[in-house]
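Descriptive analysis of the structure
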Amino acid sequence: MRKLLFPFFLLAILNLALLQALDWWTIVLTAFIVCFIMVPKKSHAFIISFFSTGLLWLLAAYIIDGGYTIPIAQVLGRVVQSESLVIIYMMPFILGGLMGGLGGLLGSQLRSLVNKKSTSSL
Amino acid sequence: MLQKISFLLLSLITVVLTLFLNGNISFFQQNLPPAGKLLNPFGGLWQCGELKNTAQEEVLTNKAVTAPIKIHYDDRGVPHIYAQSMEDAIFAQGYVEARDRAFQMDFTMRASSGRLSEILGEVTLGMDRRTLQRGMVSAAEKAEEMLKDLEGFHYAELFAAGANAYLNERPENTQPFEAKFLDYTIEDWSAFKTILIRMYMSEYLNGYSDDIENSNLLAILGRETFDDLFPLENPSTVPIVRNQGIDSDSILKADNVKNDIVIDTFLDQIYQDPLDGIGSNNWAINAKKTKNKRPIYSSDPHLTLNLPSIWYEMQIHTPKTSVHGVKIVGVPGLMMGFNEHVAWGETNLGHDQTDYFTIEWIDRNKGLYRLDGEAVAVEKRIETIKVKGQEDVVDTIYYTHWGPITHWSNDGKHDLAMKWIIQDGTPKPELLTFIEMMEAKHFEDYKEATGKFIGPPQNFGFASSTDTVAIRVNGDLPLRSEEDGRFVEKGDKRANAWSEIIPRDQNPFIINPDDGFVTSSNQRSADEHYPYFYFGRFSDYRNRSLDTFLRAKSDYTLEDVAKLQYNSFSFLAYDLCPSLLDFMVEVELNEEEKPFLDVIVSWDYYYTEESKAASFFERWLRNIRNNTWDEISQYRNRMDIRYPDTWRLVDLIKNRPDHPFFDHLSSEEKEDAGMIVRKSFKDAVKYFKQNGDLQEWAESKPMNIYHLMRIPGLSEMNISTPGCKNCINATTSTFGPSWRMIVELGEKPIAKGIFPGGQSGNPASKWYKTGIEKWSRGEYFDLNLYKDSKNIPVITKSVEIKPVGQ
């Protein structure tokens with residue numbers, strides 16, 4: 001479990017720091033790199049990256065909204081004609097999660113490809 | 001191997017998805033918002049909110065500022081600017097406006113210059129092409145050339161410097177909500193963009209003309225019938241100016257050729273669909289007609305209601321003035337407002353200032369046209385329209401002696417060039433008008449300031465604390481021979497167009513009349529004695545209501561004036577209904593129909609929210625129109641036409657019920673007005689029976705205030721408010737009083753004002769639509785001049801702008 005939690009939090013902290021200055025798609029790269037380095041199992045890589053990135057985006061959106069006179073989720077809800085704030089907050093969660101998850105999955109895939117190559121070359 | 005393929009495939013999917021969510025690629029030519037960018041809480045939409053606890057005091061420096069400026073926002077988000085000079089105040093205007101309305105400024109500038117497609121894609125391409133075809137950009141360039149050598153241009157530059165002081169210094173991730181959605185960055189402001197906005201207002205308020213419709217109708221109906229249905233003057237109108245004494249020796253004679261018109265139909269061409277509903281009221285009451293013996297001024301411009309609102313409100317203090325008012329974004333100064341001495345506001349002028357001329361081509365390639373017997377080459381200007389997600393579109397605009405060719409015909413024989421007064425305005429330091437009005441103290445100041453105004457021509461209402469009330473038409477008016485500009489004219493002679501402008505001191509003008517009040521509501525500005533040919537599109541009923549109500553009382557209070565601005569009485573219904581009911585005496589109604597007639601019989605002619613009579617009357621009148629003008633509407637799908645004014649229909653119903661146009665084309669029997677009225681009544685009943693029962697007025701015609709991009713979620717829909725197009729509270733489903741201001745002048749002005757929107761253009765701001773609810777109920781905010789900022793009751797935010805080095 002600890003093996004899973006470490007990359008989960010590492011990814012969240014890295015994303016939190018990097019996204020202050022870098023573009024959103026950095027999440028794909030960070031998940032890719034973290035999972036390439038430390039998550040051998042592909043399903044784990046996807047799940048860790050998905051939830052780490054998705055939850056970060058969800059929590060950030062929710063916390064940022066708390067400081068506003070009118071929550072952005074409410075305004076966005078009006079634009080997409082949704083009365084449910086849950087659905088609105090699910091949007092960054094799913095999108096962030098998906099793109100992070102794909103990055104993580106790719107990182108893990110590359111890891112096993114590289115490992116396989118080095119094993120077979122021995 | 002399989003693992004490698006799977007890796008490569010997944011990589012490809014991830015890259016494509018990333019590019020798609022970043023807005024770099026699109027599918028099926030759909031410009032979808034870049035969801036990745038938008039939903040990133042660290043840089044996307046979640047950075048657009050308004051913090052609950054903003055820093056109370058911000059300080060910045062700028063080299064364009066000469067002395068420290070203080071800006072305090074009150075509890076409605078209205079900035080109060082304290083500056084040591086008008087120059088610094090205008091800098092601050094630009095700053096606060098960019099801070100609150102950056103997207104609106106940019107969007108309006110784009111609409112003015114054919115650049116909407118750059119951010120919205122193909123959907124606005126037609127609009128952009130039309131804007132460019134009407135020569136808006138070249139007219140702005142010409143105006144800039146003229147204005148930059150005149151006094152006052154530096155205000156446009158200072159305004160731009162102020163706007164850019166905000167736009168350049170904020171972090172990239174604080175782009176406006178809409179700009180993020182559309183995935184673009186707001187551009188810097190410039191003095192040229194201010195001029196573009198001025199062009200846009202001219203286009204919006206005066207860019208229409210009935211020349212093509214009139215020519216078509218003249219050809220179809222013949223002169224006699226045309227004159228009968230479309231008389232130049234409505235005898236019932238109360239003109240703004242009556243008995244204006246103009247020295248007969250000073251009257252200029254128009255030297256353009258009379259009646260060189262094209263009597264021809266412009267068949268198979270649907271050229272234009274002009275806006276309907278624009279209009280405004282203003283009035284000023286002398287002290288003798290008010291309870292407190294202090295003059296009262298009132299202004300309510302009726303324009304398309306949008307979010308963000310067309311108006312931006314502010315208060316400015318300099319050593320020379322303390323002034324409060326509203327302005328259109330992007331233009332320095334205040335357009336309507338009051339200071340300690342005067343109050344002012346405008347209503348639009350219906351007088352025609354746009355003429356069309358046919359072009360007689362000499363060569364097949366349309367490079368040469370005939371003018372005074374010579375072959376003249378058109379000037380071609382290439383305009384490139386950037387279209388989001390697509391290749392650029394290149395358009396060639398053809399310029400003639402008259403102006404740009406705006407209408408291309410299928411047969412090549414009816415190509416029309418447009419001469420528009422805004423394209424050849426006389427050199428005047430126009431940018432000073434709304435700056436000097438802020439500092440005006442007396443009537444002479446008002447005359448001086450408004451004398452510089454070129455256009456779009458307006459009825460400038462005025463009242464001073466010294467009890468002067470006045471209205472003067474300000475703006476360049478073409479000097480026309482009789483009928484000139486009413487129809488499409490032949491473009492082969494220079495002498496066919498106006499060449500001179502009416503001297504400003506001979507524009508319609510009224511001051512302190514015996515009646516004790518002046519008023520304008522888009523009716524004719526001049527009466528039949530005015531020495532110059534004066535015609536156009538005028539409003540016919542609000543002026544009669546206003547004239548009646550203003551005469552009826554001699555002890556007006558500010559509260560009375562507020563009620564009058566919100567008044568929903570229809571003079572049209574009052575004028576017409578008794579005649580309609582006379583026609584109904586002869587008819588036997590069934591049990592289903594009787595209640596509908598009862599509703600009208602007991603009606604007080606007020607368009608209140610609950611009125612069912614108003615809903616029925618509108619439908620009834622619409623049916624009468626359709627059943628009467630069938631001879632004209634049969635051409636509707638083939639060419640541009642217009643219908644006779646409502647006042648003319650009412651006049652015919654009342655005085656000439658046997659007019660041949662009441663005879664319905666499709667029936668064998670010969671109808672008269674009575675038969676049309678009765679048939680229309682029964683049709684209206686049938687309509688309501690088939691479409692649910694008779695609804696209350698507010699329910700049957702709710703008002704919508706759309707966001708500039710017509711996004712329903714950012715708009716305010718289904719607003720319930722009284723009024724109608726012909727009421728003093730002139731409302732339609734998308735138009736209405738865009739600003740209501742009432743001012744009692746005296747030692748200290750007492751003023752109230754409101755607009756249906758809010759100060760902030762940010763949909764996530766609590767000030768996005770602050771005023772709508774109160775506005776819909778006819779309520780106001782108090783407008784107090786706070787010469788000392790310590791007296792502002794609530795300060796929500798302060799900004800200090802210092803000169804460099806202080």
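Residues numbered from 1 in each chain as written. Chains lettered and ligands numbered in written order. Predicted model: local features only at pLDDT ≥ 70, side-chain atom pairs only at ≥ 80, totals over all residues. Heavy atoms only, no water.

**Observations concerning the overall build of chain A**
The following threshold applies: For helices the rule is a DSSP run of H or I covering at least 4 residues; for strands it is a run of E covering at least 2, with both sets numbered from the N terminus onward. Whether a residue is buried, partly exposed or exposed follows from its accessible area with a 1.4 Å probe, protein chains only, as a fraction of its type maximum: under 20%, in between, or over 50%, in that order. Contact definition: two residues touch when any of their heavy atoms are within 4.5 Å. Areas reported here follow the Shrake-Rupley algorithm with a probe of radius 1.4 Å; residue values treat only the protein chains shown as occluding.
For chain A, the helix and strand inventory stands at 5 helices and 0 strands. A total of 122 residues make up chain A; the buried ones form 48% of that total. Of the contacts formed within chain A by residues at least 6 apart in sequence, a portion of 75% connects residues at least 24 apart. For chain A, the computed accessible surface area is about 6300 Å², with 75% contributed by carbon and sulfur atoms.

**Brief notes about the interface of chain A and chain B**
Just so we agree on the cut-off: By buried area we mean the combined loss of accessible area, with a 1.4 Å probe, across both parts when two parts are placed together. By convention in these notes, a salt bridge is any Lys or Arg side-chain nitrogen within 4 Å of a carboxyl oxygen on Asp or Glu. Any N or O atom pair separated by 3.5 Å or less is treated as a polar contact, with the protein-specific requirement of one donor-capable and one acceptor-capable atom, and with residues adjacent in sequence counted only for side-chain atom pairs.
Counting from both sides, the interface comprises 40 residues of chain A and, opposite them, 36 residues of chain B. Taken together, both faces of the contact between chain A and chain B bury some 3500 Å²; the carbon and sulfur share is 73%. Broken down residue by residue, the surface that chain A buries against chain B is led by Trp-24, Tyr-68 and Thr-69 of chain A, which jointly contribute 18%. Our count for the chain A to chain B interface comes out at 0 salt bridges. Connecting chain A to chain B are 11 residue pairs in polar contact (both at pLDDT 80 or more). For the side of chain A that touches chain B, the secondary-structure elements that each account for two or more residues are α3 (42–66), α4 (72–79) and α5 (85–121) of chain A.

**Remarks on a nonpolar patch on the surface**
Residue and element names in this part refer to chain A. Just so we agree on the cut-off: Two distance rules govern patches: like charges are joined within 9 Å, and nonpolar side chains (Val, Leu, Ile, Met, Phe, Trp, Tyr) within 5 Å, applied only to residues with over 30% relative accessible area and no salt bridge.
Together, Trp-25, Leu-29, Ile-33, Phe-36, Ile-37 and Val-114 make up an exposed nonpolar region whose accessible area comes to about 520 Å². Among the elements that make up the nonpolar patch, the one with the highest residue count is helix α2 (residues 26–38) (4 residues). Relative accessible area serves as the criterion here: at 52%, Ile-37 is assigned to the exposed category.

**Some words on the side chain of Lys-193 of chain B**
Mapped onto the secondary structure, Lys-193 of chain B falls in helix α9 (residues 191–206). Excluding residues that lie within four positions of it along the chain, Lys-193 of chain B makes contacts with Met-109, Glu-187 and Asp-188 of chain B.

**Here we look at the pattern of salt bridges**
Pairing is possible between side chains of opposite charge, provided their charged atoms come close. All names here are of chain B. With the rule as written, the count across this model stands at 59 salt bridges over all chains. Notably, a salt bridge pairs Lys-553 with Asp-560, separated by 3.5 Å at the nearest N-O pair. Take Lys-553: its relative accessible area is 29%, and that puts it in the partly exposed class. Note that Glu-779 and Lys-774 form a salt bridge whose closest N and O atoms lie 4.0 Å from each other. Via salt bridges that share partners, Asp-106, Arg-110, Arg-115, Glu-118, Glu-187 and Lys-193 belong to a single interconnected network.

**A word on the confidence of the model for chain A**
Put simply, the rule is: Confidence of the predictor at the level of single residues is captured by pLDDT, which takes values from 0 to 100.
Residues at a pLDDT of 70 or more form 94% of chain A, whose mean pLDDT is 91. Mean pLDDT across the elements of chain A bottoms out in α5 of chain A (88) and peaks in α3 of chain A (95).

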